[in-house]
Amino acid sequence: MPDLRIPTSAQEVSETTRQAAGWFDEHWQDWLASGIRIVFIIVLALVLRAMVRKLITQLITRMIRPGESEDEPSRLGGLLANTGVVNPERRQQRAEAIGSVLRSVASFTILGTAALMVLSALGMNLAPLLASAGVAGVAIGFGARNLVTDFLSGVFMIMEDQYGVGDEIDTGVASGTVLEVGLRVTKLRGAGGEIWYIRNGEVKRIANMSQGWSTASVDVQVGYKEDLERVEALITETAEAMAKEAPYDELVWAPFKILGVESVAADSVVLRIEARTAPGKSLSVARALRQRVKRVLDEAGIKVKEELPPVAAGTGAGTTAAATVLTTAATVPAPGTDPAPPSALADPTSAGYKAATPIPAPVRPADDTTTKAP
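A few points on the structure. (Residues numbered from 1 in each chain as written. Predicted model: local features only at pLDDT ≥ 70, side-chain atom pairs only at ≥ 80, totals over all residues. Heavy atoms only, no water.)

By size, the foremost hydrophobic cluster in this structure holds 26 residues, and its most contacted members are Val-220, Val-222, Ile-235, Tyr-248, Phe-256, Val-285 and Leu-289. Elements with a contribution of two residues or more to this core: strand 6 (214-223), helix 5 (228-243), helix 6 (248-251), strand 8 (268-277) and helix 7 (282-300). Setting aside residues no more than four positions away along its own chain, Leu-289 makes contact with Val-218, Ala-239, Met-242, Phe-256 and Ile-273. One finds Met-157, Tyr-163, Val-178 and Ile-198 within the second-largest nonpolar core, a separate group that totals eight residues. (Core = buried A, V, L, I, M, F, W, Y, C linked by side-chain atoms within 4.5 Å. Buried < 20%, exposed > 50% of the residue type's maximum accessible area, 1.4 Å probe, protein only. Helix = DSSP H or I, 4+ residues; strand = E, 2+ residues; numbered from the N terminus. Contact = heavy atoms within 4.5 Å.)

What follows is the structure in structure tokens.
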């Protein structure tokens, strides 16, 4: 045990100083070696981290770089390309998100390893620390399995570009506009203004209405007796004129097509029209087309529904006469057909007629008012 007593004399001070100098001369080389080792570890970790981050940045840059032609992406860009669905801007957003995750993982791994090496250089025994960290990792893994599931699901959602900020999606439990895409939760703005926080691990299916293109579908109802060829010509002319006007000239990506008669009723016929539009713009295009078609049909005098003649209801003798005529018409056989066989109930003397005759109600005898003599 070192002597921690405060020296009280000059001789003790001299002896203590000599011992300290000897102890310093004995250990300064170990200190210097440990210091140099720690500095070397830190410098090496920082240089390695910078190199790895630069390589990741270059990889992401090559992934978002277009190929020789617009239709053929680069070899690395094909990892993020999704023909007909993802545009270059969305691919760049995905690449940046993936690059951020990779840089964070690389920094955590390199700096964490460097920290353990520094502790080892200081003479700390890492075996109990690593054992405790392993046990704690297993316990945290079991307790936070949902968190791990959410994190992995978020990583794959970003890599596969299932949706992005600004997309209209339906996750089954909620639908709305994506406000934020995180590795653990996704934030949506619902149609009523509410905000939904959805865990990525709980999403089983996703319907994205903002990727690629949308379909605007419009049903036009006209009267049953209207000329369908004339109606189709008017609708086609109206749709083509609308597709050439701003802003619909950029929203309509394919000409309107009349698919034909969708349904037929006693007083009307329904025609269906469809067109390919920009993603998320199908409803606005359909509303505008309905308004224009309605105005054109009104100007052309085309009815949307035929007026059926009302059925007159007779009373009194007219009703009786009509019933008699219908009964007579029903009993008279049609020309060229065999008459119906006679019914047994038509003969009052037949056994069937008598059996079908209702049993008369019993007559109650009148009360006897005569008083009998005792």
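Here Ser-282 lies in helix 7. Given the relative accessible area of 16%, Ser-282 is considered buried. When sequence neighbours within four positions are dropped, the list of residues in contact with Ser-282 reads Ser-214, Thr-215, Ala-216 and Thr-277.

Pairing of strand 3 (residues 185-189) with strand 4 (residues 195-199) involves five bridges; the strand directions are antiparallel. By the bridge assignment, Lys-187 is partnered in strand 4 with Tyr-197. (Pairing = 2+ DSSP bridges.)

Turning our eyes to something else, we now look at unusual backbone geometry. Note that the residue after Ala-246, namely Pro-247, is joined by a cis bond; omega there is 0 degrees. Inspection of the secondary structure assignment puts Pro-247 in the loop between helix 5 and helix 6.

All right, on to the sheet that holds strand 4 then. Strand order across the open sheet formed by five strands is 4-3-2-1-5, with antiparallel pairing between neighbours. The open sheet terminates on both sides in strands that have one partner only, identified here as strand 4 and strand 5 (207-208). Note: strand 1 (residues 168-170) against strand 2 (residues 175-181), three bridges, orientation antiparallel. Each residue of the ladder has a partner; that of Asp-170, found in strand 2, is Ser-175.

It is worth spelling out the environment of Thr-236 at this point. Mapping Thr-236 onto the fold places it in helix 5. Among the polar contacts made by the side chain of Thr-236, one reaches the main-chain carbonyl oxygen of Glu-232 at a distance of 2.8 Å. (Polar contact = N/O pair within 3.5 Å; in protein donor to acceptor, adjacent residues only side chain to side chain.)

Further remarks concern the packing of helix 5 against helix 7. Across the interface, helix 5 lies against helix 7 with an axial gap of 10 Å and an inter-helix angle of 135 degrees. Compared by their axis directions, helix 5 and helix 7 come out oblique. The way helix 5 lies across helix 7 gives a crossing that is right-handed. Counted together, Arg-230, Leu-234, Ile-235, Thr-238, Ala-239 and Met-242 of helix 5 and Val-285, Ala-288, Leu-289, Arg-292, Val-293, Val-296 and Ala-300 of helix 7 form the full contact between these two elements. Residue composition of the contact of helix 5 with helix 7, by class: ten nonpolar, one polar and two charged. (Axes fitted to C-alpha atoms, helices over the stretch in contact; angles between N-to-C directions. Parallel < 35°, antiparallel > 145°, perpendicular 65-115°, else oblique. Left-handed = near helix turned anticlockwise from the far one by under 90°. Nonpolar A, V, L, I, M, F, W, Y, C, P; charged D, E, K, R; others polar.)

What follows concerns the packing of aromatic side chains. The relative placement of two aromatic rings is captured by the distance of their centres and the angle of their planes. Within the structure shown, the criterion is met by zero aromatic pairs. In this arrangement the basic side chain of Arg-276 is found over the ring face of Trp-213, its NZ or CZ atom lying 3.8 Å from the centre. (Phe/Tyr/Trp six-rings, centres within 6.5 Å; stacked < 30°, edge-to-face > 60°. Lys NZ or Arg CZ within 6 Å of the ring centre and 35° of its normal.)

Here the focus is the pattern of salt bridges. Within the structure shown, the criterion is met by eight salt bridges. Linking Arg-272 and Asp-219 is a salt bridge whose minimum nitrogen-to-oxygen distance equals 2.8 Å. Note that Arg-272 is positioned in strand 8 and Asp-219 in strand 6, a separation of 53 residues in sequence. In this structure Arg-272 comes out as partly exposed when scored by relative accessible area, which is 23%. Across the pair Arg-272 and Glu-262 runs a salt bridge, and its minimum N-O distance is 3.7 Å. Pair noted here: Arg-272 is in strand 8 and Glu-262 is in strand 7 (residues 257-264), with a separation of ten residues, a long-range link. Through salt bridges with shared partners, one network takes in Asp-150, Arg-199 and Glu-202. (Salt bridge = Lys/Arg side-chain N within 4 Å of Asp/Glu carboxyl O.)

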